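In case you want the letters, here they are:
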Amino acid sequence: MSNITRIRQQLSNYKCDAILILNQVNRLFATGFSSSAGCVLITEDNAWFFTDSRYIEAAGNAIKDANVKLVAKDEKIAESVKKIIDENKIASIGFEEVYVSYACKKDWDKKLGIKMVPAHSLINDLRNIKSEFDLDKIIKIQRISEKVFNEILPIISTDMTEKDLAAEIIYRSLKSGVDDKAFDPIVVSGPNSSRPHGVPGNEKIGKGFLTIDFGLKLDGWCSDTTRTLCIGKPDDEMVNIYDTVLSAQEAGIKEVRAGAKGVDIDTAARRIIEDAGYGEYFGHGFGHSLGLEVHESLSASRLSKDTIPAGAVMSAEPGIYLPGKYGVRIEDTLFVTENGSQNITTLPKNLTVL
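Report follows, based on the coordinates. (Residues numbered from 1 in each chain as written. Predicted model: local features only at pLDDT ≥ 70, side-chain atom pairs only at ≥ 80, totals over all residues. Heavy atoms only, no water.)

Moving on, we come to unusual backbone geometry. The general pattern is negative phi for most residues beyond glycine and trans for most peptide bonds. A positive phi is found at Lys89, a non-glycine position, where the angle reads about 55°. Of note, Lys89 is situated in the loop between helix 4 (77-87) and strand 5 (92-95). For Lys89, a relative accessible area of 71% corresponds to the exposed category. (Helix = DSSP H or I, 4+ residues; strand = E, 2+ residues; numbered from the N terminus. Buried < 20%, exposed > 50% of the residue type's maximum accessible area, 1.4 Å probe, protein only.)

This is how it looks when you write it as structure tokens:
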């Protein structure tokens, strides 16, 4: 079943005749085609993709479930949409209230002249549940990420800087055929590893923990992978912290299943870290959903109100960060099933010492 069909089947639940999709990632979800400009209009029996001359040929070749319409250079996209609305006697239209600014909403209100119904959750809920096709795509980009990780392991040395290693990750990823990075690689060593989202610096990679967190994109789908290595022999406290993080991750993963509450998953992992005496040094959540974006809407955290559905793809990434000293994070990607989860990350999790 195509995503346009899935969207179409939900329209009646939102009491609207059609939905207008403006967000770039949601357009990709609906049509399988990525573009910086355009919009999608879907009714219960038809669909249209509107774009300009830059994308018209590529869109026509790629999109199979919607009519591809060229927005003339002397016409605004809202005018093209308005023609279809009038021709099809559409009286109400859903829109993505989370992504559409107040000014943009007012402008579309004025140009369309029909009732606009908040319908962000229509697409968001569908995006949360990955199809078999979606999962295959995520597994494919995860395998490429693991290939890149294994390629960089032998070249890591104290003669290179954090930026050098980040550049190697990007270079080898692009050489492996990915479309882009999902986010700038986090490569932090020694004291810098205590910063969960630290930025690679010009410092040489030093002795101690080295955290590498990177994500790649292929056909719009994202990976997200973190491993913490040790440069030189770790002391007893370092081994204890690493083992604590790994135990916390395993405890959280055991709680992941369809119907589990995000807060309960986080609590299971957090309890391990708190019992070890490091509770104040785990500031972020256990994990988040991912797919066409590296951070999607579901979370497993202390503040989460989410119930995790079967078909969700979630990260599992607890950590401990001692300010100015070092930090450890281990991250896998899970596919949520009715009775548990499938871990689609295959990299080993024992502490690698270089």
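Here the narrative resumes.
Attention now moves to the sheet that holds strand 4 (residues 67-70). Taken in spatial order, the six strands make up an open sheet running 4-3-2-1-5-6, and their pairing is mixed. With one partner strand each, in any of the chains shown, strand 4 and strand 6 (115-118) form the two edges of the open sheet. In this sheet, adjacent strand axes meet at a mean angle of 25° when their direction is disregarded. Most of the contacts of helix 1 (residues 3-10) go to strand 2 (residues 39-43), to which it runs at about 55°, and overall it touches strand 1 (18-21), strand 2 and strand 3 (47-51). Contacting strand 1, strand 5 and strand 6, helix 5 (residues 102-112) crosses the sheet at an angle of about 145° to strand 6. (Pairing = 2+ DSSP bridges. Axes fitted to C-alpha atoms, helices over the stretch in contact; angles between N-to-C directions. Contact = heavy atoms within 4.5 Å.)

Strand order in the open sheet formed by three strands is 13-16-17, with antiparallel pairing between adjacent strands. What marks the edges here is a single partner per strand, and that holds for strand 13 (313-316) and strand 17 (341-343). Averaged over neighbouring strand pairs, the angle between their axes works out to 35° when direction is ignored. In terms of strand pairing, strand 13 meets strand 16 (residues 332-336) through four bridges, oriented antiparallel. The residue of strand 16 that forms the bridge with Val313 is Phe335.

We now examine the environment of His284. By the element assignment, His284 lies in the loop between helix 10 (262-275) and strand 11 (287-288). Among the polar contacts listed, one links the side chain of His284 to the side chain of Tyr321, at a separation of 2.7 Å. (Polar contact = N/O pair within 3.5 Å; in protein donor to acceptor, adjacent residues only side chain to side chain.)

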